[in-house]
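What follows is each chain in one-letter form.
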Amino acid sequence: MTMAYYTLGRSGLRVSRLALGTMTFGTDWGWGADKETARRLFDRYVEEGGNFFDTADAYTNGVSETWLGEFIAERGLRDKAVIATKFTFNAEPGNPNAGGNGRKNMLRAIERSLKRLNTDYIDLYILHAWDRVTPAEEVIRTFDDLVRSGKVRHVGLSDVPAWYVSRLQTIAELRGYEPISALQLEYSLAERNIENEFVSLGTEHGMGVMVWSPLASGLLSGKYRATQNGAAGAGRLETLKGSTNPGFQKFTPRNFAIVAELEAAAKEIGRSMAQVALNWIANRPGVAATIVGATKLAQLEDNLQALDFTLPAELAARLDRASAPERPFPYTFFGAEIQGMIHGGATVGAKPSSYQPRIETFGAGAGVTA
Ligand SMILES: NC(=O)c1ccc[n+]([C@@H]2O[C@H](COP(=O)([O-])OP(=O)(O)OC[C@H]3O[C@@H](n4cnc5c(N)ncnc54)[C@H](OP(=O)(O)O)[C@@H]3O)[C@@H](O)[C@H]2O)c1
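An account of the accompanying structure is given in this report.

**Some remarks on the overall build of the chain**
Right, on to step 1. Scanning the chain for helices and strands turns up 12 helices and 12 strands.
Right, on to step 2. The C-alpha atoms of the chain give a radius of gyration of 21 Å, which matches the 21 Å a tight globule of 370 residues would have.
Right, on to step 3. Considering the chain as a whole, with its 370 residues, one finds that 50% of them fall into the buried category.
Right, on to step 4. The contacts of the chain with a sequence gap of at least 6 include a subset with a gap of at least 24, amounting to 74%.
Right, on to step 5. Summing over all exposed atoms, the chain offers an accessible surface of approximately 17,600 Å²; the carbon and sulfur share of this is 54%.
Right, on to step 6. Between the centroid of the 40 positive side chains of the chain and the centroid of its 41 negative side chains there is a distance of 1 Å.

**Points about the packing of aromatic side chains**
Aromatic ring pairs are described here by two measures, namely the spacing of the ring centres and the angle between the planes.
Right, on to step 1. Tallied over the entire structure, the rule returns 17 aromatic pairs.
Right, on to step 2. Seen in terms of ring centroids, Trp29 and Tyr59 are 6.1 Å apart; in terms of plane orientation they differ by 80 degrees. Their pairing is edge-to-face. One end of the pair, Trp29, is in the loop between β3 (18-21) and α1 (35-47); the other, Tyr59, is in the loop between β4 (52-54) and α2 (63-74), and 30 residues separate them in sequence.
Right, on to step 3. Among the residues examined, Tyr59 registers a relative accessible area of 8% and is labelled buried.
Right, on to step 4. Aromatic side chains Trp31 and Phe248 sit 6.0 Å apart centroid to centroid with 70 degrees between the ring planes, which places their arrangement in the edge-to-face category. Of the two residues, Trp31 sits in the loop between β3 and α1 while Phe248 sits in the loop between α7 (236-239) and α8 (253-269), which places them 217 residues apart along the sequence. In terms of burial, Trp31 and Phe248 fall into one category: buried.
Right, on to step 5. Aromatic ring contacts, followed pair by pair, group Phe25, Phe42, Tyr45, Phe53 and Phe71 into a single cluster.
Right, on to step 6. Taking the ring centre of Tyr121 as reference, the NZ or CZ of Arg153 above it sits at 3.9 Å.

**A closer look at the site of the ligand**
Right, on to step 1. Near the ligand, the surroundings consist of 32 residues, among which Asp54, Asp159, Ser213, Lys223 and Thr295 are the closest.
Right, on to step 2. Side-chain polar atom of Lys223 to an oxygen atom of the ligand: 2.5 Å apart, as the coordinates give it.
Right, on to step 3. Protein contact buries 94% of the 910 Å² of open area that the ligand shows by itself.

**Side note on the environment of Thr142**
Right, on to step 1. Relative to the assigned elements, Thr142 resides in helix α4 (residues 136-149).
Right, on to step 2. Between the alpha carbons of Thr142 and Leu107 there is a distance of 8.2 Å; along the sequence they are 35 residues apart.
Right, on to step 3. Each residue touching Thr142, except ones within four places of it in the same chain, is listed here: Arg103, Met106 and Leu107.
Right, on to step 4. Within the structure, Thr142 has its side chain in polar contact with the side chain of Arg103 (distance 3.1 Å).

**Comments concerning the nonpolar core**
Right, on to step 1. Judged by nonpolar contacts, the single largest core of 106 residues is most densely connected at Leu8, Phe52, Tyr125, Phe143 and Leu157.
Right, on to step 2. What Leu157 contacts, discounting residues up to four positions off in sequence, is Ile126, Leu127, Phe143, Val165, Leu168, Ile180, Ala182, Leu183 and Gln184.

**Focus on the packing of α1 against α2**
Right, on to step 1. Viewed as axis vectors pointing N to C, α1 and α2 meet at an angle of 55 degrees, and their least axial separation amounts to 11 Å. Comparing their axes, α2 and α1 come out oblique. Crossing angle aside, the handedness with which α1 passes α2 is right-handed. Facing Lys35, Ala38, Arg39 and Phe42 of α1, the residues of α2 in contact are Trp67, Leu68, Glu70, Phe71, Ile72 and Glu74.
Right, on to step 2. For the contact of α1 with α2, a count of residues per class yields six nonpolar, no polar and four charged.

**Here's the deal with the pairing of β3**
Moving residue by residue along a regular strand, the side chains alternate between the two faces of the sheet.
Right, on to step 1. Going residue by residue along β3, you find Leu18 and Leu20 tucked away on one face and Ala19 and Gly21 tucked away on the opposite face as well.
Right, on to step 2. In this sheet, strand β12 (residues 287-292) lies alongside β3 in parallel orientation, the contact comprising three bridges. Bridging across to β12, Ala19 finds its partner in Ile291.
Right, on to step 3. Two elements, β3 and β4, share two bridges in a ladder whose sense is parallel. By the bridge assignment for β4, Leu20 is matched with Phe53.
Right, on to step 4. Each parallel crossover has a hand, and for β3 linked through α1 to β4 it is right-handed.

**Considering the pattern of salt bridges**
Right, on to step 1. Within the structure shown, the criterion is met by 25 salt bridges.
Right, on to step 2. In this structure, the salt-bridge partner of Glu111 is Lys151, at a minimum N-O distance of 2.5 Å. With Glu111 in helix α3 (residues 103-117) and Lys151 in the loop between α4 and β7 (152-158), the pair connects residues that are 40 residues apart, well separated along the chain.
Right, on to step 3. Across the pair Arg225 and Glu263 runs a salt bridge whose closest N-O atoms are separated by 3.5 Å. Highlighted residues: Arg225 in strand β10 (residues 225-227) and Glu263 in helix α8, separated in sequence by 38 residues.
Right, on to step 4. Its relative accessible area of 41% is what places Arg225 among the partly exposed residues.
Right, on to step 5. What emerges from the salt-bridge pattern is a single network uniting Glu36, Arg39, Asp43, Glu74 and Arg75.

Reading the values: the criteria
- Residues numbered from 1 in each chain as written.
- Predicted model: local features only at pLDDT ≥ 70, side-chain atom pairs only at ≥ 80, totals over all residues.
- Heavy atoms only, no water.
- Helix = DSSP H or I, 4+ residues; strand = E, 2+ residues; numbered from the N terminus.
- Rg over C-alpha atoms; globule rule 2.2 N^0.38 Å.
- Buried < 20%, exposed > 50% of the residue type's maximum accessible area, 1.4 Å probe, protein only.
- Contact = heavy atoms within 4.5 Å.
- Areas by Shrake-Rupley, 256 points an atom, 1.4 Å probe, with all protein chains shown as cover.
- Lys, Arg positive; Asp, Glu negative; His and termini not counted.
- Charge placed at Lys NZ, Arg CZ, Asp CG, Glu CD.
- Phe/Tyr/Trp six-rings, centres within 6.5 Å; stacked < 30°, edge-to-face > 60°.
- Lys NZ or Arg CZ within 6 Å of the ring centre and 35° of its normal.
- Near = heavy atom within 4 Å.
- Polar contact = N/O pair within 3.5 Å; in protein donor to acceptor, adjacent residues only side chain to side chain.
- Core = buried A, V, L, I, M, F, W, Y, C linked by side-chain atoms within 4.5 Å.
- Axes fitted to C-alpha atoms, helices over the stretch in contact; angles between N-to-C directions.
- Parallel < 35°, antiparallel > 145°, perpendicular 65-115°, else oblique.
- Left-handed = near helix turned anticlockwise from the far one by under 90°.
- Nonpolar A, V, L, I, M, F, W, Y, C, P; charged D, E, K, R; others polar.
- Pairing = 2+ DSSP bridges.
- Right-handed = clockwise from strand over helix to strand, strands pointing away.
- Salt bridge = Lys/Arg side-chain N within 4 Å of Asp/Glu carboxyl O.

Right, here's the structure in full:
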């Protein structure tokens, strides 16, 4: 395939539409890849033209960042590579300032990430998760300081409430700080709740969505089957069956109904279920990049072909219906029924994507619509 690139959010940073997730680099967590496999995954992705790598200081206790830095250095790819890494999680029990999103931890964490990644700058520095206590002003100001110091090029947020994103972005705009360019969030056929707030937030305010767990931790590849006692299949979700982490609770009747519809759709067009699931999510509004993850080369080979075809509109619509998320209050007020009561029955909706504001230009062609 030929890898296409999008600019991330409203920034000028060119990133490939499929990013490589490196949370599986390292066996420390019991479900990742060993070093040789990780190197092969890295090489194969680069061979396909991929330039966007996602890691975090917390992944596999630092192994992910260390190996990624090594692989990039081995191949002399630092200029070409776009490295995204994250801070927030604490690796030092008993020291609350070794985690969270306060300035002290941000400045501590970046130094360690730079060291492990063997680089002097991060292309996209991401707050990993909301810590509920750090003021938005402190985070956005520290992000801006990091950009001005040259240690960071662009900044992003992951796993945060929409109101917090909105506050950070507004402060950045008003104070002339580096704006947020990316929102990294869980998004897949099995988890579509970000559609309630984040997709329009990102689209309207210059932040590209970076999709994590696009296959719902492997569920959407179709390798797990519902059984009388839950589900069976080999992979991360089987290993983490007893985990209390909400991200890994995927064996639900609703999800298996989505898997069944996906299986039928994949069969109809002769593509793997993983490819159809990735294609569907990568083409959703607001998505800048989809982070693919793998523990085996064959999985990555499969996933890298996910954007080589166009999903027929009728199939995409079927998957949309089968996976439609619940719309809790107040989102019920934004549907056709109540909006009709607001707009006097007239249709006043979002502008179509072809809509362009009229731009006045000088010289030849003055006054034409650009
Ligand atoms: N910001 C955050 O909070 C956050 C959270 C999670 C992830 N992330 C990022 O997003 C990346 C991707 O997340 P993810 O790993 O959860 O993505 P995912 O695509 O939902 O799951 C990937 C896993 O599914 C299985 N798999 C992948 N392709 C397959 C295929 N074609 N056939 C069969 N099985 C397949 C593999 O696991 P098994 O071999 O074990 O089955 C693989 O490791 C991570 O590496 C990380 O960079 C970010």
